[in-house]
Amino acid sequence: MEKKIGIRLLTGAFIGALVAHAPASAQQRLTIYSAYENSQIAPLTKAFEAKNPGVAVDHFRQPGEELLATIELELRARSPKADVVGLNDASIAYLQKRHDAFEPYAAKDADKARVEMRSPQNIFTPAFVNLYLIHYNTRRISEADVPKSWADLADPKWKNQIAMADPSSSQSVQSFVWFIADYLVKSDPAKFGWDYFKRMGANGVHLESSHGTIRDLTVSGERPIGINLLANAQTAKNRGEPTSNIWPSEGVPGELSAFGLLRASKNKELGKRWLDFIISPEGQGLMPASLGGAPVRNDVAYKYPDGSSLERVKIIPVDSTFISDNKRTQARKFHDAVGK
């Protein structure tokens, strides 16, 4: 079922029909739900299938918030279709708190992940770190002219040139909203907090449903500046597209992306093999070229798309508990602030 499914919201029943009508096969099948594009996750799924002859991976993709709604519908109907889901750690924490959705599992090599990225109760297996950055089109904006800080984006010179994700549809942008409204405001209340988003709204910021759309708008130059995730900047770099990125002077929020094994999975052994694979040296080595994030293991070599080394970037770990508990309130405040 690894096909692009271009619909915004599917009911659990419809998805069930899709899975149920997958081609009959003697193969064992592992079903993964995630917010990652099929082209992004394909290197991982193909490598996993190569290591596991007779196993096929079915991948179903929706934007983060829509995917959460789908998974919740299926959990409430006591009919989840996925074996494993790939989300950020805040969304996994939300599903675990609301639905006790995940079965703890200590993946092989889980102790090789950086300490701050491990799940204390083994609810998830960390996959990669995704960072917010300023992504820009190098044909539309010269290196000397690009904004150097998050505060710079509110400058009227960038009116109608910036795109960012809408928290009503994107799970990941909740990290950025927390970073601006609740973290940076403590050190610089004049520039940040909810008033920052009021200024962005007045500056004509365009809200999009997914970070992949923002990447495409940045690449085409239609919106030459994107508030985007490392994964999308990495994807553009991998494709040789005319973009680069800036690491803002205030630092960048670091969001952990992970996979969790659903308690109701009918293929738990395959699910555990997948979790073992993604934290393995081979799986971690594929992350930059596949999902586009930085590895969570220090023993895997990596440089960011602009050639920066890991230690050069000031990463602020996000408060995933706060984000999980306050996502709807934060989304409402955000829309009130930007006026959209």
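The rules behind each value
- Residues numbered from 1 in each chain as written.
- Predicted model: local features only at pLDDT ≥ 70, side-chain atom pairs only at ≥ 80, totals over all residues.
- Heavy atoms only, no water.
- Helix = DSSP H or I, 4+ residues; strand = E, 2+ residues; numbered from the N terminus.
- Rg over C-alpha atoms; globule rule 2.2 N^0.38 Å.
- Buried < 20%, exposed > 50% of the residue type's maximum accessible area, 1.4 Å probe, protein only.
- Contact = heavy atoms within 4.5 Å.
- Areas by Shrake-Rupley, 256 points an atom, 1.4 Å probe, with all protein chains shown as cover.
- Lys, Arg positive; Asp, Glu negative; His and termini not counted.
- Charge placed at Lys NZ, Arg CZ, Asp CG, Glu CD.
- Salt bridge = Lys/Arg side-chain N within 4 Å of Asp/Glu carboxyl O.
- Phe/Tyr/Trp six-rings, centres within 6.5 Å; stacked < 30°, edge-to-face > 60°.
- Lys NZ or Arg CZ within 6 Å of the ring centre and 35° of its normal.
- Axes fitted to C-alpha atoms, helices over the stretch in contact; angles between N-to-C directions.
- Parallel < 35°, antiparallel > 145°, perpendicular 65-115°, else oblique.
- Left-handed = near helix turned anticlockwise from the far one by under 90°.
- Core = buried A, V, L, I, M, F, W, Y, C linked by side-chain atoms within 4.5 Å.
- Pairing = 2+ DSSP bridges.

## Remarks on the overall build of the protein
What the protein contains, in helices and strands, is eleven helices and eleven strands. Scaling as 2.2 N^0.38, a compact globule of 340 residues should have a C-alpha radius of gyration of about 20 Å, and the protein matches this with 19 Å. Taking the principal axes of the C-alpha coordinates as reference, the protein spans close to 60 × 40 × 35 Å. Put simply, the protein has 340 residues, and 60% of those count as buried. The contacts in the protein between residues at least 6 apart in sequence include a share of 77% that link residues at least 24 apart. With an accessible surface of roughly 14,000 Å², the protein has 51% of that area assigned to carbon and sulfur atoms. Of the side-chain charges in the protein, 43 are positive and 38 negative, and the distance between the mean point of each set is 2 Å.

## Things to note about the side chain of serine 91
Residue placement: serine 91 occurs in helix H4 (residues 89–99). Serine 91 gets classed as buried once you look at its relative accessible area, which sits at 3%. Residue contacts for serine 91: discarding those within four places in its chain leaves Leu68 and Gln171.

## Some thoughts on helix H7 (residues 211–220)
Helical geometry note: an α-helix holds 3.6 residues per turn, so side chains three or four residues apart project in the same direction. Counting buried positions over the ten residues of H7 gives seven, a clear majority of the element. Where H7 is concerned, the buried positions are His211, Gly212, Ile214, Arg215, Leu217, Thr218 and Val219. Positioned one or two residues after H7, glycine 221 has a phi angle of 90°, which is positive.

## Examining the pattern of salt bridges
Evaluation of the coordinates by the stated rule reveals 18 salt bridges. Here arginine 215 makes a salt bridge to glutamate 37, at a shortest N to O gap of 3.2 Å. One end of the pair, arginine 215, is in helix H7; the other, glutamate 37, is in the loop between strand S1 (28–34) and helix H2 (38–51), with 178 residues separating them in the sequence. This pair shows no difference in class: arginine 215 is buried, exactly as glutamate 37 is. Lysine 157 is the partner of aspartate 145 in a salt bridge, and the nearest nitrogen-oxygen pair spans 3.0 Å.

## Quick look at the packing of aromatic side chains
Tallied over the full model, the rule gives 18 aromatic pairs. Each ring, one from tyrosine 36 and one from phenylalanine 259, has its centre 6.1 Å from the other, and the planes form 55°; the classification is tilted. Placement of tyrosine 36 in the loop between S1 and H2 and of phenylalanine 259 in strand S9 (residues 252–261) is noted, with a sequence separation of 223 residues between them. Classification of phenylalanine 259 as buried rests on a relative accessible area of 0%. Over the face of the ring belonging to tyrosine 94 we find lysine 327, whose NZ or CZ atom lies 4.7 Å from the ring centre.

## Examining the packing of helix H6 (residues 194–202) against helix H11 (residues 320–338)
For the pair H6 and H11, the least separation of the axes is 7 Å and the interaxial angle reads 45°. Relative to H11, the element H6 is oriented oblique. The two elements H6 and H11 cross, and the hand of that crossing is right-handed. Mapping the contact onto sequence places Trp194, Phe197, Lys198 and Gly201 in H6 and Gln330, Lys333, Phe334, Ala337 and Val338 in H11.

## Some remarks on the nonpolar core
Note on soluble globular proteins: their nonpolar side chains tend to be buried together. Formed by 97 residues in total, the largest nonpolar core has its most connected members in Trp150, Phe197, Phe259 and Trp274. Ranked by residues supplied to this core, first place goes to strand S4 (residues 125–137) with eight residues. In this structure tryptophan 274 touches Leu30, Ile32, Leu44, Thr45, Phe48, Val84 and Phe259, once residues within four positions along its chain are discounted.

## Regarding the pairing of strand S5 (residues 162–165)
With burial as the criterion, each face of S5 is covered, one bearing Ile162 and Met164 and the other bearing Ala163 and Ala165. Relative to strand S7 (residues 225–229), S5 runs parallel, the two sharing two bridges. Bridge pairing in S7 places isoleucine 162 opposite isoleucine 225.

## Regarding the environment of tyrosine 183
In this structure, tyrosine 183 sits in helix H5 (residues 173–183). Relative accessible area serves as the criterion here: at 31%, tyrosine 183 is assigned to the partly exposed category. Sequence-wise, tyrosine 183 and proline 253 are 70 residues apart; in three dimensions their C-alpha atoms are separated by 9.6 Å. Setting aside its immediate chain neighbours within four residues, tyrosine 183 contacts Trp178 and Ile316.

## Quick word on unusual backbone geometry
If you check the backbone angles, aspartate 109 has positive phi at about 75° while not being a glycine. For aspartate 109, the position within the fold is in the loop between H4 and S4. Phi is positive for asparagine 122, close to 55°, though the residue is something other than glycine. Within the secondary structure layout, asparagine 122 lies in the loop between H4 and S4. For asparagine 122, a relative accessible area of 27% gives the class partly exposed.

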